[in-house]
Amino acid sequence: MKTQYDVLIVGGGFYGLYIAEHFALLGFSVVLCEQEKDLMTRASYVNQARVHNGYHYPRSVLTALRSRISFPRFAQEFDDCIDTSFDKYYMIGKILGKVTAQQFQAFCKRIGSPCERAPERIQKLTNPKLIEDSYLTTEWAFDSVILKKLMLKRVENANVTLLTGTTVKKITAFKESLIVQVQQQEGLMQEFQVKQVFNCSYSSINQLNQHSSLAVIPLKHEMTEMCLVDVPDEVKGNAFTIMCGPFFSVMPFPSSPYYSFSHVRYTPHYEWYDQHTKLTPDMQQSLLTEHKQSAWSKMRQDAMRYLPILGACDYQKSLWEIKTVLPASEVDDSRPILFKQDYHLKGYHCIMGGKIDNVYDVITLISNRGLDQHES
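We now turn to the structure provided with this report. In this text, all values refer to a predicted model and were calculated from it rather than measured experimentally. (Residues numbered from 1 in each chain as written. Predicted model: local features only at pLDDT ≥ 70, side-chain atom pairs only at ≥ 80, totals over all residues. Heavy atoms only, no water.)

1. What about the nonpolar core?
A general trend in soluble globular proteins is that nonpolar side chains are found buried together.
Here comes step 1: Among the nonpolar cores identified, the biggest contains 44 residues, and F14, F74, L147 and I366 are the most heavily contacted of them.
Here comes step 2: Elements with a minimum of two residues in this core: β1 (4-10), α1 (14-25), β2 (30-34), α2 (61-77), α5 (144-157), β13 (219-230) and α10 (359-368).
Here comes step 3: Residue contributions to this core peak at 8 residues, all from α1.
Here comes step 4: Aside from chain neighbours lying at most four places away, what touches L147 is F14, M40, F74, F78, C81, F142 and I356.
Here comes step 5: Within the second largest apolar cluster, 27 residues are counted, among which are Y89, A118, C227 and F248. (Core = buried A, V, L, I, M, F, W, Y, C linked by side-chain atoms within 4.5 Å. Buried < 20%, exposed > 50% of the residue type's maximum accessible area, 1.4 Å probe, protein only. Helix = DSSP H or I, 4+ residues; strand = E, 2+ residues; numbered from the N terminus. Contact = heavy atoms within 4.5 Å.)

2. Things to note about the environment of K340
Here comes step 1: Mapped onto the elements, K340 comes out in strand β19 (residues 338-340).
Here comes step 2: The spatial distance from the C-alpha of K340 to the C-alpha of M352 is 9.2 Å, given a sequence separation of 12 residues.
Here comes step 3: Discounting residues that sit within four places of it in the chain, K340 has contacts with I217, Y348, H349 and C350.

3. Side note on the layout of surface pockets
Here comes step 1: Estimated volume of the second largest pocket: approximately 470 Å³.
Here comes step 2: Surrounding the second largest pocket, 20 residues form its lining, E176, K195, Q196, K346 and E375 being those nearest its centre.
Here comes step 3: When residues of the lining of the second largest pocket are traced back to their parent elements, those giving at least two are β1, β11 (177-184) and β12 (189-199).
Here comes step 4: Residue composition of the lining of the second largest pocket, by class: 5 nonpolar, 8 polar and 7 charged. (1 Å grid on protein atoms, 1.4 Å probe; cavity = no way out; pocket = protein on both sides within 12 Å on 5 of 7 lines; lining within 4 Å. Points joined across faces, edges and corners; volume = space filled by probe spheres on them. Nonpolar A, V, L, I, M, F, W, Y, C, P; charged D, E, K, R; others polar.)

4. Digging into α5
Here comes step 1: With 14 residues, α5 should cover 20 Å at 1.5 Å per step; its first-to-last C-alpha distance of 20 Å lies within 8% of that length.
Here comes step 2: Looking at α5, one finds that the buried residues are S144, L147, M151 and V155. For α5, the buried positions fall inside an angular range of 60° around the axis, keeping them on one side. In α5, those exposed residues whose orientation departs by more than 90 degrees from the buried face are K149, K153 and N157.
Here comes step 3: Elements that come into contact with the buried residues of α5 comprise α1, α2, β8 (140-142) and β9 (161-164).
Here comes step 4: For α5, the N-terminal capping position is held by D143, with its side-chain oxygen 3.0 Å away from the main-chain nitrogen of V145.
Here comes step 5: Of the residues flanking the end of α5, it is N159, one or two places downstream, whose phi is positive at about 70°. (Expected span 1.5 Å × (residues − 1). Arc of directions from axis to C-beta. Polar contact = N/O pair within 3.5 Å; in protein donor to acceptor, adjacent residues only side chain to side chain.)

5. Considering the sheet that holds strand β4 (residues 82-83)
Here comes step 1: Pairing in this open sheet of 3 strands is antiparallel, and the strands run β3-β8-β4 from one edge to the other. The outermost strands of the open sheet, each flanked by one partner alone, are β3 (50-51) and β4.
Here comes step 2: Bridge analysis of β3 against β8 gives 2 bridges, and the strand direction is antiparallel. Across the sheet, the residue bridging to V51 is W140, located in β8. (Pairing = 2+ DSSP bridges.)

6. Some remarks on the packing of α1 against α10
Here comes step 1: For the pair α1 and α10, interaxial distance at closest approach is 11 Å and the crossing angle is 40°. The angle between α1 and α10 places the two elements in the oblique class. Regarding α1 and α10, the two cross each other, and that crossing is right-handed. For the pair α1 and α10, the contacting residues are F14, Y15, Y18, I19, H22 and F23 in the first and V359, Y360, V362, I363, I366 and S367 in the second.
Here comes step 2: Residue classes in the contact of α1 with α10 are distributed as 10 nonpolar, 2 polar and no charged. (Axes fitted to C-alpha atoms, helices over the stretch in contact; angles between N-to-C directions. Parallel < 35°, antiparallel > 145°, perpendicular 65-115°, else oblique. Left-handed = near helix turned anticlockwise from the far one by under 90°.)

Take a look at the structure:
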């Protein structure tokens, strides 16, 4: 096997695949390593599959604007995996809410996202004591299974070398390049010599940093549960997000016949932090081995206070994943990009985005910093 490449990508989620293709199309030799046996099986699949159009972030106008700009671009580029078959409604809660209906309307106007008052048939589904108002918006969902097939075809056409079942163990500097030690699931160890490494392993970013004797990046992790449910006929063809505060969201999950159901209070089961020199023990193993007790009954009980019809949802199963965000996101619910260029090693970069459409901002950063320019 070839052992020298221009670029090595750690992580075969959507970000890793997209960045790998970007470099390959520019003429770089690229190898991508994914520790799972398949691609896009973790956080790229276990999420609410929402293509954000800004509405979700009234407390972070910058995040909202970036989503508003990226929304049409992502929808056009990945048209084959976009589900537009439902109407999306945002509902403004009264109690514990952090925005009012008037503020939400003004916010939508400011960022340029379509917003109109929901029809009476939708208003009648809500509990007026707890919902101030409801709005029809423009927001869609993506099918992650179809998206994976599209990206797999794209990276193969771009001649990216894909190594699944392969864990990147350690990175060290060597002259003007980097030596990357990897281990295949069969136990075989191998080394690659590369010019640049992009660590796109999301919740595992610090595992590689620590194994490479590099400082831990402060990150917050949550063990999360996404419920998949059958919805009553009155809900089918619609999606609801009750906001902005400790509320919930129910919308189609296109890669299955069900709807996803998440709750700000009950979707996260517990949390932990990676802080500078301290790294929590490998929680990826916990994701696979520990017993998990669903919080669906609590989600359902709370949701039906706002939308009584949701009490008729039929629970099917739960998807569990580790969600990772920057601690700064706790303040204003923003989703800034983590971009650590030359992180203690020249050519080693750590990247993480909070939303799928952030990938365009990542590519812009890569280009603006000249990381995708060939050496003269």
